[in-house]
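Residue-level structural notes
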Amino acid sequence: MSSVEFRKDLFADERPENLNEIGLPKQRQDALGHVTGRSPYYDDNLYDGLLHMRMVRSSEYHARIRSISLNGADMMPGVVRVIQAADVPHNINTLLSLIGFGRDDEALLQDKKVSYRGEAILAIIAETELQARKACQAVRVDYEALPHVLDVEEALKPQAPVVNEEYPNNTFDYYDRYDHQKLRFGDPHAAMARADHIVEGEYQMSPIEQAPMETCGAIAVPETNDRILCHTCSQALFFSLGTTAKLLDTPSSRLHFKGGTVGGGFGGKVDSLNEPMAVLGAKLTGRPVKFTWDREEEMQVGAPRGAERWRIRDGVMNDGRIIAREFTGFFDSGAYTRLSSYAVVKGTAHLPGPYTIPNVASNVYCVFTNRTPATAMRGFGITGVDFAIECHMDKVAETVRMNPIELRLLNAYRDGDMKPHRRVAKNTAYIECCQVAAGKADWAIAPEYSAMSSLRDGGGERASIPLTMIDEEGRIGERKRGANIDTAPSKITKDSGRAPSVIPILEATQAMGEQAAGRPQVGKATSPAPQPSAPPAPAPAMAPSQTPSPTSAVPAAPQRSAFARLQASEPAAPSQSRPVEPQPSTPTPPSESEQPYRPSEPFSRGVKRPGASPFISGRRR
Amino acid sequence: MAKVPVRFTLNGRETALFVDGGANLLDVLRRGAGDLSPKYGCGQGTCGTCTVLVDGEAHLSCLTLAEIIEGRSVSTVSGLSNGPDLHALQTCFMENFAAQCGYCTSGMLMAAKALLDTNPNPTRDEVIEAISGNLCRCTGYEPIIDAILLAAERGQGNRSPSYGSAR
């Protein structure tokens, strides 16, 4: 019995009749264990002499630790061992260092500064959980409270407190160059200028705790062969193994990780905070040690899906075609990077959602705040922006007075279309999803929309990469130095924009399409639908490549953004204590010493830098 | 802490243990009696994963003082099947995909058993009410409700021999 409906009428030629298993319900291999209560969760391993670990945690959002007084905790009944920051062999890590992305920024135990409420300061191991709890209560930490920042846009301001000293600008550094992840595809600014409507919206999603029924935990046990066995509920066993090996400066061959049955994870069990502590405890005591979060810890310090704020600005024609879309996104990473840097890259690759829009730009920021660090959760990087996009589609439909499903079908991507991250869409099924959803909801759509297919009318001119306006706004540290730069990607037509040559836009489009895509579809407009009378874009679109012009030359946007700070009219606002930049509202042209900017390779992947982790599975490279 | 002797029946078997004064039933069942089927979810009586039956009535074992089960009868999922023969609730949970991560399943099954033991033909609303103290983060509850209703339809006393022995 299954509630999954297998529709053989859709994509019929991809649904052969001679399949034996596909399309039929299949019993879960672990179902029998679950219904008999015999599935082996990590906590179902019983050991004589098991010790229990509890944490002393920060009561402050942001504070320097003046001193830590054990206050006799180490002498209390049942207490076997106190673990402090100095006991952690390599007390600095970032999760994605295992794939060489980002810099180490997070300590397992903090003894100098805490950056979020609930951050671990020291651990106490005792014979019983109660004894460990009582000893933790005895410990006194003397804090010097620091100003904290809890809002992503506040954190971008020059005077904002530095949350994470590895990233003093409060943003993750992308490609050693920008304080945000850029996406540039076509020329949204020019397209907005000829659009019939500009539709703007701001959307926000709060952090969401995964709240698995089984709280995060691990039991570490010394084996008889100089290895440590670790039973864990980790969702990412080898990730946890590598992280533990690195933090404890131990070859991974000395660790034996055993997992497999996860009592619900949803992304909340990849951060590998319990395993290193439990293994360290077992090493230091020589006895089995369990480190499990109680429910309160799970909710307070368990990393949630991060908060996101999105602004979307669409250029829409009267017939419902969306010809330009701009995003400004803020991911609240909390105090440390964890996986949010990756979520931003992944989310950017998803833009502009399952639609083919010929001009797209986005600036997405991975921002550090004094909140609980965020991590993975079910489609993270995508879910928040999809919520924003689909709310916005309804707003667009209202603006042009269209059936919202028909608007989605009209703009839906199809097989063969170029996505703005320069990959051709394959196996698309969005049109069919909308059609089936409309049918299930008894939502009438016109026959021509019911007849649409993801398999038809894609590709061709929709597969080309348009002339793309590129800018260098948002260099690392510019904001912190007091430069007043709009976070929206809109102001590309100023002097920082680069076009390959000064030629009329349609020719340029063809040239760029040919150059960049290497595809044969030259001599065609880049818009998905024919635009018989589309005039060449107004001159400002090409202004950048002519003369670097002062701010006064910036043309007014066709319709002023409600949220954009109109930088052209703002006076220079140099910060008092920082070196004054001559024109803070103008992006700084790269200095001679800097490597010249190459528009042909603005999307290089991965961050490789000397400061990246020297460890792979605990071994120095 | 003083040890207290406790004698009770666990899934039909006589059991005697010395427990810490103030210990909760969940700990005593898991660490003392070695029955690992009830699970710890919150320790605050809010999630229901530790649900067991005491004299046929659903109790949250994390909030139950172990000493008070002296002389009483405790049932857990470990005793739900008769050897390899599963209880109708268990087969219906399997067939309906009512268990995903499986962590809430033990408590869910015991809450459902408490319902069907007293009300063999519940309405959908009565099923929802009966499991309202049990949280599940995977299924969205619908498959669980369907499974319990199906088990009621089949007659909860029926045991299916079709799934072989449990591991």
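Residues numbered from 1 in each chain as written. Chains lettered and ligands numbered in written order. Predicted model: local features only at pLDDT ≥ 70, side-chain atom pairs only at ≥ 80, totals over all residues.

Description of the overall build of chain B
As a reminder of what qualifies: Where helices and strands are cited, they refer to DSSP runs of H or I of at least four residues and of E of at least two residues respectively, numbered from the N terminus. The reference for a compact globule is 2.2 Å times residues^0.38; the radius of gyration itself is calculated from the C-alpha atoms. Exposure is read from a count of other C-beta atoms within 10 Å of each residue's own; the residue is exposed at 12 or fewer, buried at 20 or more and partly exposed in between. C-beta atoms are placed from the backbone. For every residue pair, C-beta atoms are placed from the backbone, and the pair is scored as a contact if these atoms sit within 7 Å.
Helices and strands together make up the secondary structure of chain B, namely 5 helices and 7 strands. Ordering the α and β elements of chain B from the N terminus gives β-β-α-β-β-β-β-α-α-α-α-β. Since a compact globule built from 167 residues should have a radius of gyration of about 15 Å, the 16 Å found for chain B is in line with a globular shape. With the C-alpha coordinates of chain B rotated into their principal frame, the extents come out at 45 × 30 × 30 Å. A buried classification covers 50% of the 167 residues belonging to chain B. When contacts within chain B are restricted to residue pairs at least 6 apart in sequence, long-range pairs at least 24 apart make up 61% of them.

Observations regarding the overall build of chain A
Secondary structure assignment for chain A yields 13 helices and 17 strands. Looking at the 621 residues of chain A, the share that counts as buried comes to 50%.

Notes on the sheet that holds strand E8 (residues 197-205) of chain A
All names here are of chain A. Formally: DSSP-based pairing: two strands are paired if at least 2 bridges between them are found. With axes taken as lines fitted to C-alpha atoms, and helix axes fitted only over the stretch in contact, angles between N-to-C directions fall between 0 and 180 degrees.
Across the sheet, 5 strands lie side by side as E7-E15-E14-E13-E8; this open sheet has mixed pairing. Edge positions in the sheet fall to strand E7 (181-185) and E8, since each of these pairs with one other strand and no more. Between one strand axis and the next, the sheet turns by 5° as a mean value, whatever way the strands run. Here 9 bridges tie strand E13 (residues 308-316) to strand E14 (residues 322-334), and the two strands are oriented antiparallel to one another. In the strand pairing of E14, arginine 313 is matched with glutamate 326.

Remarks on the packing of helix H5 (residues 237-247) of chain A against helix H6 (residues 274-285) of chain A
All names here are of chain A. For clarity, the threshold we go by: Each angle receives one of four descriptions, namely roughly parallel if under 35 degrees, roughly antiparallel if over 145, roughly perpendicular if within 65 to 115, and oblique otherwise. Left-handed describes a crossing whose near helix is turned anticlockwise from the far helix through less than a right angle; right-handed describes the clockwise counterpart. We call Asp, Glu, Lys and Arg charged. Ala, Val, Leu, Ile, Met, Phe, Trp, Tyr, Cys and Pro are nonpolar, and the rest, Gly among them, are polar.
Taken N-terminus to C-terminus, the directions of H5 and H6 make an angle of 50°; their axes are 9 Å apart at the nearest point. As the angle between them shows, H5 and H6 are arranged oblique. Both H5 and H6 take part in a crossing whose hand is right-handed. Counting all contacts with H5, which are made through Ser240, Thr243, Thr244 and Leu247, the residues of H6 involved are Glu275, Pro276 and Val279. The class makeup of the residues in the contact of H5 with H6 is 3 nonpolar, 3 polar and 1 charged.

Thoughts on the pairing of strand E2 (residues 13-20) of chain B
All names here are of chain B. Here strand E1 (residues 3-10) runs beside E2; their pairing, made up of 8 bridges, is antiparallel. In the sheet register, proline 5 faces E2, and the bridge partner there is phenylalanine 18. Hairpin remark: E1 followed by E2, antiparallel, with 2 residues in the connecting loop; positive phi at asparagine 11, about 50°.

Thoughts on the environment of A:Asp417
Residue and element names in this part refer to chain A. Looking at the secondary structure, you find aspartate 417 in the loop between helix H10 (404-411) and helix H11 (430-440). Residues aspartate 417 and glycine 37 lie 380 residues apart in sequence; the distance between their C-alpha atoms is 49 Å. The residues touching aspartate 417, leaving out its near neighbours within four places in the chain, are Thr356, Ala425, Gly458, Gly459, Arg462 and Ala463.

Observations regarding the sheet that holds strand E5 (residues 73-75) of chain B
Residue and element names in this part refer to chain B. If you walk across this open sheet you meet the 5 strands as E2-E1-E5-E3-E4, and the pairing is mixed. Two strands in the sheet have a free side with no partner beyond their single neighbour: E2 and strand E4 (57-60). With direction set aside, neighbouring strand axes in the sheet form an average angle of 40°. Alignment of strand E3 (residues 51-54) against E5, held across 2 bridges, turns out to be antiparallel. Residue valine 54 lies in a different strand from E5, and its bridge partner there is valine 74.

A short note on the domain arrangement of chain A
Residue and element names in this part refer to chain A. As a reminder, the rule being used: What counts as a domain boundary in this text is fixed by an automatic or database domain assignment.
Each domain of chain A was delimited in the assignment, giving domain 1 (49-146 + 210-300) and domain 2 (163-208 + 304-463). Measuring from the centre of the C-alpha atoms in domain 1 to the corresponding centre in domain 2 gives 38 Å. Taken together, the 19 residues of domain 1 in the interface contact 23 residues of domain 2. Its residues assigned to classes, the side of domain 1 that touches domain 2 comprises 7 nonpolar, 8 polar and 4 charged.

Quick notes on the interface of chain A and chain B
Across the contact, 28 residues belong to chain A and 36 residues belong to chain B. For the side of chain A that touches chain B, the element with the highest residue contribution is helix H1 (residues 31-35) of chain A, accounting for 5 residues. Per-class residue counts for the side of chain A that touches chain B are 11 nonpolar, 9 polar and 8 charged.

Examining the environment of A:Glu472
Residue and element names in this part refer to chain A. Relative to the helices and strands, glutamate 472 resides in the loop between helix H12 (447-450) and helix H13 (505-517). What makes glutamate 472 partly exposed here is the crowd of 19 C-beta atoms within 10 Å. For glutamate 472 and glutamate 166, which are 306 residues apart along the polypeptide, the C-alpha to C-alpha distance reads 23 Å.

Re the nonpolar core
Cut-off, in case you're wondering: When buried Ala, Val, Leu, Ile, Met, Phe, Trp, Tyr and Cys residues are joined through C-beta atoms within 7 Å, the set is termed a nonpolar core.
With 182 residues, the main nonpolar core has A:Ile124, A:Ala220, A:Ala278 and B:Ala112 as its most contacted residues. Top contributing element to this core by residue count: helix H3 (residues 105-118) of chain B, with 8 residues. Excluding residues within four positions of it along the chain, A:Ala220 makes contact with A:Ile228, A:Leu229, A:Cys230, A:Ala278, A:Val279, A:Gly281, A:Ala282, A:Pro288 and A:Val289.

Topic: the confidence of the model for chain B
Residue and element names in this part refer to chain B. To keep things clear, this is the line we draw: pLDDT expresses, on a scale from 0 to 100, how confident the predictor is about each individual residue.
Averaged over every residue, the pLDDT of chain B is 91; residues scoring 70 or more account for 92%. Low pLDDT, under 50, characterises residues 157-167; the predicted model gives this stretch 23 contacts beyond four residues in sequence or across chains. The ipTM assigned to the predicted complex is 0.93, against a pTM of 0.82.

Quick word on unusual backbone geometry
Comment: phi is negative for the bulk of residues other than glycine, and the bulk of peptide bonds are trans. In this chain, A:Leu351 is followed by A:Pro352 through a cis amide linkage whose omega measures 5°. Along the polypeptide, A:Pro352 turns up in the loop between helix H8 (340-350) and strand E15 (360-368).

Here we look at H6(A)
All names here are of chain A. Condition: To estimate the expected span of a helix, subtract one from its residue number and multiply by 1.5 Å.
With 12 residues, H6 ought to run about 16 Å at 1.5 Å a step, and its terminal C-alpha atoms sit 16 Å apart, in line with that. Counting buried positions along H6 gives 9 out of 12 residues, so the element sits mostly inside the fold. Burial in H6 covers these residues: Asn274, Glu275, Pro276, Met277, Ala278, Val279, Leu280, Gly281 and Ala282.

Looking at the environment of A:Ile322
All names here are of chain A. Among the secondary structure elements, isoleucine 322 is positioned in strand E14. Counting along the chain gives 71 residues from isoleucine 322 to methionine 393, while the straight-line C-alpha distance between them is 9.8 Å. Residues in contact with isoleucine 322, not counting those within four places in the same chain, are Asp314, Val316, Tyr355, Ile357, Val396 and Asn411.

Here's the deal with the packing of H10(A) against H11(A)
Residues and elements named next belong to chain A. It is at 9 Å that the axes of H10 and H11 come closest, and there the two elements cross at 165°. Judged on the interaxial angle alone, H11 and H10 are roughly antiparallel. Between H10 and H11 the crossing geometry is left-handed. When H10 is examined against H11, the residues Ile405, Arg408 and Leu409 are found in contact with a partner set consisting of Ile431, Cys434 and Ala438. Tallied by class, residues from the contact of H10 with H11 come to 5 nonpolar, no polar and 1 charged.

Observations regarding the domain arrangement of chain B
Residue and element names in this part refer to chain B. Entries for chain B in the domain assignment read domain 1 (3-79) and domain 2 (86-158). Relative to domain 2, the C-alpha centre of domain 1 lies at a distance of 21 Å. Broken down by secondary-structure element, the contributors of at least two residues to the side of domain 1 that touches domain 2 are E3 and E4. Taken together, the residues that form the side of domain 1 that touches domain 2 break down as 7 nonpolar, 6 polar and 2 charged.

Section: the pairing of strand E2 (residues 63-69) of chain A
All names here are of chain A. Alignment of E2 against strand E4 (residues 113-114), held across 2 bridges, turns out to be antiparallel. Paired with arginine 64 across the bridge in E4 is lysine 113. The pairing of E2 with strand E6 (residues 140-145) spans 6 bridges and is classified as antiparallel. Paired with isoleucine 68 across the bridge in E6 is valine 141.

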